[in-house]
Amino acid sequence: MKGFNVLFIGFMLFSLFFGAGNLIFPPLLGSESGDNFGLAITGFLITGVLLPFMAVMAVALEDNGLISMGSRVHYIFGIVFAIIIYLSIGAFYGIPRASSVAYELGFNQMFNIDDSWSIFVFSLIFFTITYLISLNPKKIVNRIGQYLTPLLLLVLAVLVIQSFLSFENVSSPVSEKYASSPFFTGILEGYFTMDAVAALAFGIVIINALKDKGAVSKNELVKGTLVSALVAGTGLVAVYFSLGWIGRVIPGETNFKNGAEILTYASDILFVTSGNILFGLIVMLACLTTCVGLINACSSFFNEIYPKLSYSNYVTIFVIIGLLVSNLGLNMILLVAVPLLSFIYPIAIVLIVLSLLEHVTRKSKTMFQLAVAVTAFYALYEAFSSIGLELEFFTSLLDITPFFEQGFGWVLPAFLAALIGYGIDILKNKPIDDIEENQ
């Protein structure tokens, strides 16, 4: 397999990760962290880049991807959890969110037209383009890797380079949020990019792309995925740091509510009347590439588990669902998705970490079962809390764990449960040699 093929696949993976949400988080971090920017952006890169990198590699190392990872708990759990992942970050969240963000932060920034008909017409055009690009999965690498990603990077480069040349790096105040522990706050902010969960879906896109480019053996697929992930990770680090730096040094004392306002303001300062057009173009390109990747990932996954419907049929289904849901508006989409994502994200992180550890340690079914069970308990509490359903008894019981208030109360209990489960299987001398035996 030729090196430039892997390079293009790496570009494609970069674009799949780099959606509008990733575009607007770093500038706000830079603006709020001020003089503590270095520690804050370092923490952000751990969960915004390193964790998704680990997720892509975990999927590549499995013979049946995400399903195999979940099957360490139970085969039925593996199937059900994989379906929930793909539906939540795909058809019912990630795909319509990409269109909604492209409209609200892209199209509307450029033309300032906001009514129900403009939303419908925009989403219709957006999903038509997405459909045409996604229809042939073998050409996605060429279309995204060779055309869309370089165009996105070119537009971003114009903004970033002009910012480096125009803005001065002067002392900046630190908000209360980043005053005491900027590094850990940055980690938490990177958590909300949701890229680790998305990486579980994108893994199948990378594997299929590598196969189309000539990779046959498991070794070739793993090496190709590693190089592609390193290319994407390097790009994400560079872009996240640059966007965060813009928020750090942008002049004036304007109180920004989100990163979109910061980048729009920077574009207006640097390019005057063309600022909104530049920022709108960046947002729409980022959303388009992410949407294409999600539709490809969801269609490929469901085509594998239920091949009676063709890949193109699934593309049509997800495009129609995305078109309909996106017209509910971004606020409604985010409101519905929060409890579901609050539940699946911690479980996904535990599966990623344990799946990678399993390749260097002895296999242990009980380790997966106990760790996921404990994590699911905390995650279910967080999901109910996100919609205002808090039980005082459970709150008083759980808030003694470290990082509970930040939503990370599950980390230490999951770690201890994994150790206990691992120890139980060692004492029982009970390795799991073949996951298929549990089917």
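Structure shown above.
Since we're looking at a predicted model, the values are computed, not measured.

Let us look at the side chain of Thr47. Along the polypeptide, Thr47 turns up in helix H3 (residues 37-60). From its side chain, Thr47 meets the backbone oxygen of Ile187 in a polar contact 2.7 Å long. Leaving out residues up to four positions away in the same chain, Thr47 has contacts with Pro52, Gly186, Ile187, Gly190, Tyr191 and Thr193.

Turning next to the packing of aromatic side chains. This structure, assessed with the given rule, holds 18 aromatic pairs. Centroid distance Phe44 to Tyr240: 5.3 Å. Interplanar angle 85°. Geometry classified as edge-to-face. With Phe44 in helix H3 and Tyr240 in helix H11 (residues 218-249), this pair connects stretches of sequence that are 196 residues apart. Accessibility expressed as a relative area gives 0% for Phe44, which makes it buried.

Two elements in contact, helix H6 (residues 94-111) and helix H14 (residues 311-326), have axes whose closest approach is 8 Å; the angle formed by their N-to-C orientations is 55°. Between H6 and H14, the angle is such that the two are oblique. Our pair here, H6 against H14, has a crossing hand that is right-handed. The residues of H14 that touch H6, namely those facing Ile95, Pro96, Ser99 and Ser100, are Phe318, Gly322, Val325 and Ser326. Here the contact of H6 with H14 is built from residues that sort into four nonpolar, four polar and no charged.

Here we come to the environment of Val59. Structurally, Val59 can be placed in helix H3. When the C-alpha positions of Val59 and Thr225 are compared, they lie 9.6 Å apart, and in sequence the two are 166 residues distant. With sequence-adjacent residues up to four places away left out, Val59 is seen in contact with Gly65, Met69, Ala199, Leu200, Gly203 and Ile204.

Calculation criteria
- Residues numbered from 1 in each chain as written.
- Predicted model: local features only at pLDDT ≥ 70, side-chain atom pairs only at ≥ 80, totals over all residues.
- Heavy atoms only, no water.
- Helix = DSSP H or I, 4+ residues; strand = E, 2+ residues; numbered from the N terminus.
- Polar contact = N/O pair within 3.5 Å; in protein donor to acceptor, adjacent residues only side chain to side chain.
- Contact = heavy atoms within 4.5 Å.
- Phe/Tyr/Trp six-rings, centres within 6.5 Å; stacked < 30°, edge-to-face > 60°.
- Buried < 20%, exposed > 50% of the residue type's maximum accessible area, 1.4 Å probe, protein only.
- Axes fitted to C-alpha atoms, helices over the stretch in contact; angles between N-to-C directions.
- Parallel < 35°, antiparallel > 145°, perpendicular 65-115°, else oblique.
- Left-handed = near helix turned anticlockwise from the far one by under 90°.
- Nonpolar A, V, L, I, M, F, W, Y, C, P; charged D, E, K, R; others polar.

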